[in-house]
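Remarks on the overall topology
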Amino acid sequence: MGDAMDTDSPPEIRVLTSDGQVFEVPKDVYMVSETLEHMVQEVEGGGPPIPLPVVSSAVWVLIRKWIDIRLDSNPNRLAGTALKAWDDEFWNVSHVVLFDLIIASNYLNIKRLFHQGTAVVAEQIKDKTPDEILAFYNMRNTLTSAEKKTLAEENPFKQPFEAPSAEAGTSAAHATQAAA
């Protein structure tokens, strides 16, 4: 966000969501998105709305809330633990909305929003097996048995870790004690 960009940018733009809704967007909001910031350079003031082909109106409203709560110009701006609590509630959405937010934040190049969304997904799948992840996201494994076998052969290091049995662990412990 260079100085020339800040002074030459229109005070407001319009965006067109994938479901046909037009929203007016003030400068302090659109400048959070690197994509919109760059698109503004190509749209004259009063020009047509900037299309957002992968952002629905419902997702745009959520993104606006996420941006607005962080703006310096917002008298109700949150910080610290209050912002953390707000974020926790914000990300308490369905899987579909979560992935829509991640896709939209990636398209709009809003890095902090994208990183927060992907961190939520990472936390959701942490310590889960591939089958548990598929079940969690209500997905089907479409790989055939032959494809699974090929993947297992090509990626032997990615096989599930087999924990030693309790009996084997006890024997190892006894062997260590006996050697000492």
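It should be noted that the structure appears before, not after, this text.
Residues numbered from 1 in each chain as written. Predicted model: local features only at pLDDT ≥ 70, side-chain atom pairs only at ≥ 80, totals over all residues. Heavy atoms only, no water.

Once that is clear, we can look at the layout of surface pockets. In this structure, the second largest pocket spans a volume of roughly 250 Å³. Considering the residues around the second largest pocket, the lining is formed by 15 residues, among which Met31, Val32, Trp66, Ile110 and Arg112 are closest to the centre. Here the lining of the second largest pocket is built from residues that sort into seven nonpolar, one polar and seven charged. (1 Å grid on protein atoms, 1.4 Å probe; cavity = no way out; pocket = protein on both sides within 12 Å on 5 of 7 lines; lining within 4 Å. Points joined across faces, edges and corners; volume = space filled by probe spheres on them. Nonpolar A, V, L, I, M, F, W, Y, C, P; charged D, E, K, R; others polar.)

What follows covers the side chain of Arg70. With respect to the helices and strands, the residue Arg70 is situated in the loop between helix 4 (57-68) and helix 5 (80-90). For Arg70, a relative accessible area of 10% puts it in the buried group. A polar contact is formed between the side chain of Arg70 and the side chain of Asp87, at a distance of 2.6 Å. (Helix = DSSP H or I, 4+ residues; strand = E, 2+ residues; numbered from the N terminus. Buried < 20%, exposed > 50% of the residue type's maximum accessible area, 1.4 Å probe, protein only. Polar contact = N/O pair within 3.5 Å; in protein donor to acceptor, adjacent residues only side chain to side chain.)

Glancing now at helix 6 (residues 95-108). Helix length check: helix 6, at 14 residues, gives a terminal C-alpha distance of 20 Å against a target of 20 Å (1.5 Å per residue), a fit within 8%. Looking at the buried residues of helix 6, the elements they touch are helix 3 (34-40), strand 3 (50-52), helix 4, helix 5 and helix 7 (111-125). Asn109 sits one or two residues past helix 6 and shows a positive phi near 55°. (Expected span 1.5 Å × (residues − 1). Contact = heavy atoms within 4.5 Å.)

Let us look at the sheet that holds strand 3. Strand order in this open sheet of three strands is 2-1-3, and the pairing throughout is mixed. Among the strands making up the open sheet, the edge pair consists of strand 2 (22-26) and strand 3. Between one strand and the next, the sheet's axes are offset by a mean angle of 35°, whatever the strand orientation. Summarising the sheet, strand 1 (residues 12-17) and strand 2 pair through five bridges and their orientation is antiparallel. (Pairing = 2+ DSSP bridges. Axes fitted to C-alpha atoms, helices over the stretch in contact; angles between N-to-C directions.)

Turning our attention to a nonpolar patch on the surface. A grouping of Val54, Phe99 and Ile103 is seen on the molecular surface, where their side chains present a nonpolar patch of about 240 Å² in accessible area. Looking at the secondary structure, you find Ile103 in helix 6. (Patch = residues over 30% accessible without salt bridge, like charges linked within 9 Å, V, L, I, M, F, W, Y side chains within 5 Å. Areas by Shrake-Rupley, 256 points an atom, 1.4 Å probe, with all protein chains shown as cover. Salt bridge = Lys/Arg side-chain N within 4 Å of Asp/Glu carboxyl O.)

The phi dihedral of Asp127 falls on the positive side, at around 65°, and the residue is not glycine. Turning to its location among the elements, Asp127 is positioned in the loop between helix 7 and helix 8 (130-136). Of the residues examined, Asp127 reaches a relative accessible area of 73% and is grouped as exposed.

All right, on to the nonpolar core then. The biggest cluster of nonpolar side chains holds 29 residues, and the ones touching the most others in it are Leu36, Trp60 and Ile63. Where this core is concerned, the elements lending two or more residues are strand 1, helix 2 (27-30), helix 3, strand 3, helix 4, helix 6 and helix 7. Not counting residues within four places of it along the chain, the set of residues in contact with Ile63 comprises Val55, Leu101, Ala104, Leu108, Ile110 and Leu113. (Core = buried A, V, L, I, M, F, W, Y, C linked by side-chain atoms within 4.5 Å.)

At a minimum axis separation of 11 Å, helix 4 and helix 5 run at an interaxial angle of 170°. Taken together, helix 4 and helix 5 sit at an angle that is classed as roughly antiparallel. Taken together, the residues of helix 5 that come into contact with helix 4 (itself represented by Leu62, Lys65 and Trp66) are Trp86, Asp87 and Phe90. Within the contact of helix 4 with helix 5, the residues separate by chemical class into four nonpolar, no polar and two charged. (Parallel < 35°, antiparallel > 145°, perpendicular 65-115°, else oblique.)

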